[in-house]
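Examining the three-dimensional arrangement
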Amino acid sequence: MKFFVDTADVADIAELAATGLLDGVTTNPSLIHKSGRPFLAVVKEICGIVDGPVSAEVVATDYENMLREADIVRKLADNVCVKLPLTMDGLKACRKLTSEGTMVNVTLCFSATQALLAAKAGATFISPFVGRHDDVGFNGMDLIEDIRLIYDNYDFTTEILVASVRHPVHVLEAAKIGADVMTAPPAVMRALAKHPLTDRGLEQFLADWAKTGETIG
Ligand code: G3P
């Protein structure tokens, strides 16, 4: 399972990339706004920090302007993945861009039939939003299960990128279903490594080690 981080904060990205556990980055217009930095500059900088795909979202809603913006974005670096909304114009632009060899992440997916369309449009990644599904009383993981089943039925190569991840249980469930990728905020990425028994056990080991009076090396 690939781990992407969902942020435009370069300090967080650099810190997580240094662990060797980070396979890519996803951003969206809200995260760019939160970073307080110019869109193209921050995307270019992120692309220099990680080797894997960096999703950067266009904001045009019509086909022609989506392609115009995508052309600017994809020239920033080889690892840019153009993010397009799941609309008919977005799907049309997806087909065009992927046929030219550009990676595309189709975002704002809330149904399995939308995900089917994205796969048919040749999307590199489909981003179903599990947390926002949970927010309105549906189980976001049911959507991931349905997409996994459909993609496997037809051997679609579009990767399922579980987005809108809010906590470690989302990551656990996505991994059990066999999602290809998950993208989570930095705090959730860090929370994956945490366990109170790990902390307590380490504390005990260090206390006992101190009593030995030994040092290593
Ligand atoms: O980047 C898309 C997605 O991960 C957004 O998550 O928490 O704003 O629903 P959230």
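Residues numbered from 1 in each chain as written. Predicted model: local features only at pLDDT ≥ 70, side-chain atom pairs only at ≥ 80, totals over all residues. Heavy atoms only, no water.

1. Some thoughts on the overall build of the chain
Scanning the chain from terminus to terminus reveals 11 helices and eight strands. In the chain, which comprises 217 residues, the proportion classed as buried is 46%. Partitioning the contacts of the chain with sequence separation of at least 6, the portion at a separation of at least 24 is 57%. For the chain, the exposed area adds up to about 11200 Å²; of that, 58% sits on carbon and sulfur atoms. Counting 20 positive and 29 negative side-chain charges, the chain places the averaged centre of each group 4 Å from the other. (Helix = DSSP H or I, 4+ residues; strand = E, 2+ residues; numbered from the N terminus. Buried < 20%, exposed > 50% of the residue type's maximum accessible area, 1.4 Å probe, protein only. Contact = heavy atoms within 4.5 Å. Areas by Shrake-Rupley, 256 points an atom, 1.4 Å probe, with all protein chains shown as cover. Lys, Arg positive; Asp, Glu negative; His and termini not counted. Charge placed at Lys NZ, Arg CZ, Asp CG, Glu CD.)

2. Examining the side chain of Ser127
Of note, Ser127 is situated in strand β6 (residues 125-128). Polar contacts involving the side chain of Ser127 include one to the side chain of Asn105, which spans 2.7 Å. Residues contacting Ser127, with those up to four places away along its chain left out, are Asn105, Val106, Thr107, Leu108, Cys109, Leu161 and Ala163. (Polar contact = N/O pair within 3.5 Å; in protein donor to acceptor, adjacent residues only side chain to side chain.)

3. What to know about the site of the ligand
In the neighbourhood of the ligand, the contacting residues comprise Asp6, Asn28, Lys83, Phe129, Arg132, Ala163, Ser164 and Arg166. Here an oxygen atom of the ligand and a side-chain polar atom of Asn28 are 3.0 Å apart. Here Ser164 contributes a side-chain N or O atom positioned 2.7 Å from an oxygen atom of the ligand. Notes on the ligand: free accessible area 310 Å², of which the protein chains cover 83%. Of all the cavities here, the one that holds the ligand is the largest pocket. Residues belonging to the shell around the ligand are distributed by class as follows: two nonpolar, two polar and four charged. (Near = heavy atom within 4 Å. 1 Å grid on protein atoms, 1.4 Å probe; cavity = no way out; pocket = protein on both sides within 12 Å on 5 of 7 lines; lining within 4 Å. Sits in = over half its atoms within 2 Å of the grid points. Nonpolar A, V, L, I, M, F, W, Y, C, P; charged D, E, K, R; others polar.)

4. Details of the side chain of Ser164
By secondary structure assignment, the location of Ser164 is in the loop between β7 (159-162) and α9 (168-177). Of the polar contacts made by the side chain of Ser164, one reaches the side chain of Arg166; its length is 3.3 Å. When near neighbours in sequence (up to four residues on either side) are disregarded, Ser164 contacts Phe129, Val130, Gly131, Arg132 and His170.

5. Considering the nonpolar core
With 60 residues, the main nonpolar core has Leu84, Ile126 and Val162 as its most contacted residues. For Val162, the contacting residues outside a window of four places in its chain are Pro128, Val130, Met141, Ile144, Ala174, Ala179, Val181, Met182 and Thr183. Cys81, Phe125, Leu161 and Val181 belong to the second-largest nonpolar core, a separate cluster that totals five residues. (Core = buried A, V, L, I, M, F, W, Y, C linked by side-chain atoms within 4.5 Å.)

6. Description of helix α3 (residues 39-49)
For α3, the full list of buried residues reads Val42, Val43, Ile46 and Cys47. Down the axis of α3, the buried set is contained in an arc of 140°. They therefore lie on one face. Structurally, α3 contributes buried residues whose contacts are with α1 (10-17), β2 (24-26), α2 (29-35), β3 (54-57) and β4 (80-85). (Arc of directions from axis to C-beta.)

7. What about the pattern of salt bridges?
Counted according to the given criterion, the structure contains 15 salt bridges. Among the ionic pairs, Asp135 bridges to Arg166, the shortest N-O distance being 3.0 Å. Of this pair, Asp135 sits in helix α7 (residues 130-135) while Arg166 sits in the loop between β7 and α9, placing them 31 residues apart in sequence. The network of salt bridges with common partners includes Asp71, Arg74, Lys75, Lys96 and Glu100. (Salt bridge = Lys/Arg side-chain N within 4 Å of Asp/Glu carboxyl O.)

8. Remarks on the sheet that holds β4
Reading around the circumference, β1-β2-β3-β4-β5-β6-β7-β8 is the order of the eight strands in this closed barrel, with parallel pairing throughout. For this sheet, the mean angle separating the axes of adjacent strands, direction not counted, is 30°. Across the face of the sheet, helix α4 (residues 63-74) comes into contact with β3 and β4 while running at roughly 160° to β4. (Pairing = 2+ DSSP bridges. Axes fitted to C-alpha atoms, helices over the stretch in contact; angles between N-to-C directions.)

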